[in-house]
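Fold and contact review
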Amino acid sequence: MSLPNTQRPGKAPYLRIATEEAFCPSEMLDIYRNILAQPHVDPGFQSLMGFYMSSPSERAKHIMRCLTDLDQVRLGHMDDAGIDMQIIALTSPGVQCMDTATAVSFAKFANDELAEGVRRHPTRFAGMIAIAPQDPAAAAQEIERGVNKLGMNSVIINSHTHGEYLSDLKFWEIFEAAQAHDTPIYLHPNTPPANMIQPFLESGLDGAVYGFGVETGLHALKLITSGVFDRFPKLQVILGHMGEALPFWAYRLDYMHAATVRSNRYESVKPLKRKPSDYLRDNFHITCSGMAWHKAIAFTQDVVGEGRVLYAMDYPYQYAIDEVHALDGMDMNPAAKKKFYQSNAEALFKIPARTL
Ligand code: 1DF
Ligand code: MN
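This text gives an overview of the structure that appears in the document. A quick note: this is a predicted structure, and the numbers were derived from the prediction, not measured.

To continue, consider the pattern of salt bridges. Any two side chains of opposite charge can pair, so long as their charged atoms come close to each other. Within the structure shown, the criterion is met by 15 salt bridges. Salt-bridge contacts for Asp71 lead to Arg120; the nearest nitrogen and oxygen are separated by 2.8 Å. One end of the pair, Asp71, is in the loop between α3 (58-67) and α4 (72-81); the other, Arg120, is in helix α5 (residues 100-120), and 49 residues separate them in sequence. Note on Asp71: relative accessible area 24%, which makes it partly exposed. A relative accessible area of 42% means that Arg120 is categorised as partly exposed. One network of salt bridges, in which partners are shared, links Asp112, Glu142 and Arg145.

Here it is in structure tokens:
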């Protein structure tokens, strides 16, 4: 067994832009503390933030210290890991565990805080717009404000909101705004909702280890099968964690979705204009957050194209310098590697292109 390489990665022929990086204003922790003190707490939220906010473990303490910082702690870690730039989003579940009024107002507060951080460090940070799906009209307005007033060009949504999925028509105003402003939506994981979590929770599999991926992959698939992308053909959704395994499912999804439609088995499974995998190829971008694994990355590039697979670290949850060395060392042609680390992110998040 060799020790992980934690040497500072040197300059590379590309910028390293990490695209699923989390932050949390300390004011959000105050709101979370109140939610956790209520008599009925969502079991996923209790398991996730209840843990990080109270555990004396090194992991929890490291994460809490990094999350709240948008200055020297974060920049120091980025320098140590060779990360040129972070695309930063409010950490999961963001405002989606809050009541509607709190969620709408706190999303604005968090976006203002993040915009300030980006203004302090404009060459190192870019931000995603947090929204409250609880109020789709307000969410659409916040996307407009985020783009026009705060200079942010992407949206973060942490999967389900109180057990509801964006495949429900009542949320589609959000997609309309995202398409109109050309802002991709990062569909980031959340813990499974109360009516799904029990079998995960009893085995300790509800979090990033597996529950996140199952729940978020399901959410993305519900978007596809509900016809969101037939209605909003330019909409772009970003998935982390190697597409929450959907590229690996593509063949079976295509076959079985077609078979299900043909047999009229469910009222809810309507014909789509295209195959499920066609939407993966045209309406999704995929990051390698949590999956610094060349074979999975190469497979995904093969399924959705080199222009749609991006680097992410998932700071501070997976702050692993050795993974940067592993990805730098991937046997991948230099043009594709530059797209992966730099140019795809510059295009998708509208970052002014920089030379090295
Ligand atoms: C964890 C992982 C937490 C990820 C996250 O946000 C998160 C974790 C609260 O390990 O508990 O974003 N992740 O994306 O893998
Ligand atoms: Mn994450």
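Around ligand 1 sit 13 residues in total, of which Glu20, Tyr52, Arg59, His188 and Asp314 are the nearest. Within the contact set of ligand 1, an oxygen atom lies 2.6 Å away from a side-chain nitrogen or oxygen of Tyr52. Separating an oxygen atom of ligand 1 from a side-chain N or O atom of His241 is a distance of 3.0 Å. Notes on ligand 1: free accessible area 360 Å², of which the protein chains cover 93%. Considering every element that reaches the shell around ligand 1, the biggest residue donor is helix α2 (residues 43-52), with three residues. Its residues placed into classes, the shell around ligand 1 shows six nonpolar, four polar and three charged.

With that settled, the discussion passes to the packing of aromatic side chains. Taken as a whole and assessed by the stated rule, the structure comprises 15 aromatic pairs. Consider the rings of Tyr32 and Phe45, whose centres lie 4.8 Å apart with planes at 85°: the pair is edge-to-face. One end of the pair, Tyr32, is in helix α1 (residues 26-37); the other, Phe45, is in helix α2, with 13 residues separating them in the sequence. Taken as a pair, Tyr32 and Phe45 share a single burial class, namely buried. Grouping aromatic residues by their ring pairs yields a cluster made of Tyr14, Tyr311, Phe340 and Tyr341. The aromatic ring of Tyr165 is capped on one face by Lys222, whose charged end is 5.2 Å from the ring centroid. In this arrangement the basic side chain of Arg274 is found over the ring face of Tyr279, its NZ or CZ atom lying 5.8 Å from the centre.

Put simply, the ideal angle at a metal is 109.5 degrees for four donors in tetrahedral geometry and 90 or 180 degrees for six donors in octahedral geometry. The protein atoms that coordinate the manganese ion (ligand 2) are Glu20 (OE), His188 (NE2) and Asp314 (OD), at distances of 1.9 to 2.4 Å. All donors of the manganese ion (ligand 2) come from a single chain, and their spacing in sequence reads E-x167-H-x125-D. Within this pair, whereas His188 is found in the loop between β6 (185-187) and α8 (194-201), its partner Asp314 is found in the loop between β9 (309-310) and α15 (321-328), the two being separated by 126 residues in sequence. For the pair shown, His188 and Asp314 are each scored as buried.

Let us now look at the sheet that holds strand β1 (residues 17-23). Backbone-to-backbone hydrogen bonds join strands into a sheet, with any given pair of strands oriented parallel or antiparallel. Strand order across the open sheet formed by three strands is β1-β2-β3, with parallel pairing between neighbours. Where the open sheet ends on each side, the last strands, each with one partner, are β1 and β3 (125-127). Neighbour to neighbour, the strand axes of the sheet diverge by 35° on average, direction disregarded.

Turning our eyes to something else, we now look at a nonpolar patch on the surface. A surface patch of nonpolar side chains, about 300 Å² in accessible area, is lined by Leu205, Val209 and Tyr210. Tracing the backbone through its elements, the reader meets Tyr210 in the loop between α8 and α9 (211-225).

Packing of α15 against helix α16 (residues 334-348) leaves a shortest axis separation of 11 Å and a crossing angle of 145°. Residues Val324, Leu327 and Asp328 of α15 form the contact with α16, whose participating residues are Lys337, Phe340 and Tyr341. When the residues that make up the contact of α15 with α16 are grouped by side-chain class, the tally is four nonpolar, no polar and two charged.

Moving on, we get to the nonpolar core. Core analysis: the largest hydrophobic core is formed by 113 residues, its most contacted members being Met98 and Tyr311. Of the residues forming this core, the biggest block, eight residues, is contributed by α5.

Going residue by residue along strand β8 (residues 284-287), you find Phe284 and Ile286 tucked away on one face and His285 and Thr287 tucked away on the opposite face as well. Two strands pair when backbone bridges link them, and strand β7 (residues 237-239) and β8 are joined in this way by three bridges, in the parallel orientation. The residue bridging Leu239 from the neighbouring strand is Ile286, located in β8. Note that β8 and β9 share two bridges and pair parallel. Note that in β9 the partner of Thr287 across the bridge is Leu310. In this view, the connection linking β8 to its parallel neighbour β9 by way of helix α14 (residues 294-304) has right-handed handedness.

This brings us to the pairing of β1. Counting buried residues in β1 gives seven out of seven residues, a clear majority hidden from the surface. Of the strand pairs in this sheet, β1 and strand β2 (residues 85-90) are connected by five bridges, and their pairing is parallel. Bridging from a neighbouring strand, Phe23 pairs with Leu90 of β2.

Reading guide: rules and limits
Residues numbered from 1 in each chain as written. Chains lettered and ligands numbered in written order. Predicted model: local features only at pLDDT ≥ 70, side-chain atom pairs only at ≥ 80, totals over all residues. Heavy atoms only, no water. Salt bridge = Lys/Arg side-chain N within 4 Å of Asp/Glu carboxyl O. Helix = DSSP H or I, 4+ residues; strand = E, 2+ residues; numbered from the N terminus. Buried < 20%, exposed > 50% of the residue type's maximum accessible area, 1.4 Å probe, protein only. Near = heavy atom within 4 Å. Polar contact = N/O pair within 3.5 Å; in protein donor to acceptor, adjacent residues only side chain to side chain. Areas by Shrake-Rupley, 256 points an atom, 1.4 Å probe, with all protein chains shown as cover. Nonpolar A, V, L, I, M, F, W, Y, C, P; charged D, E, K, R; others polar. Phe/Tyr/Trp six-rings, centres within 6.5 Å; stacked < 30°, edge-to-face > 60°. Lys NZ or Arg CZ within 6 Å of the ring centre and 35° of its normal. Donors = N, O, S within 2.8 Å, 3.2 Å for Na, K, Ca; no water. Pairing = 2+ DSSP bridges. Axes fitted to C-alpha atoms, helices over the stretch in contact; angles between N-to-C directions. Patch = residues over 30% accessible without salt bridge, like charges linked within 9 Å, V, L, I, M, F, W, Y side chains within 5 Å. Contact = heavy atoms within 4.5 Å. Core = buried A, V, L, I, M, F, W, Y, C linked by side-chain atoms within 4.5 Å. Right-handed = clockwise from strand over helix to strand, strands pointing away.

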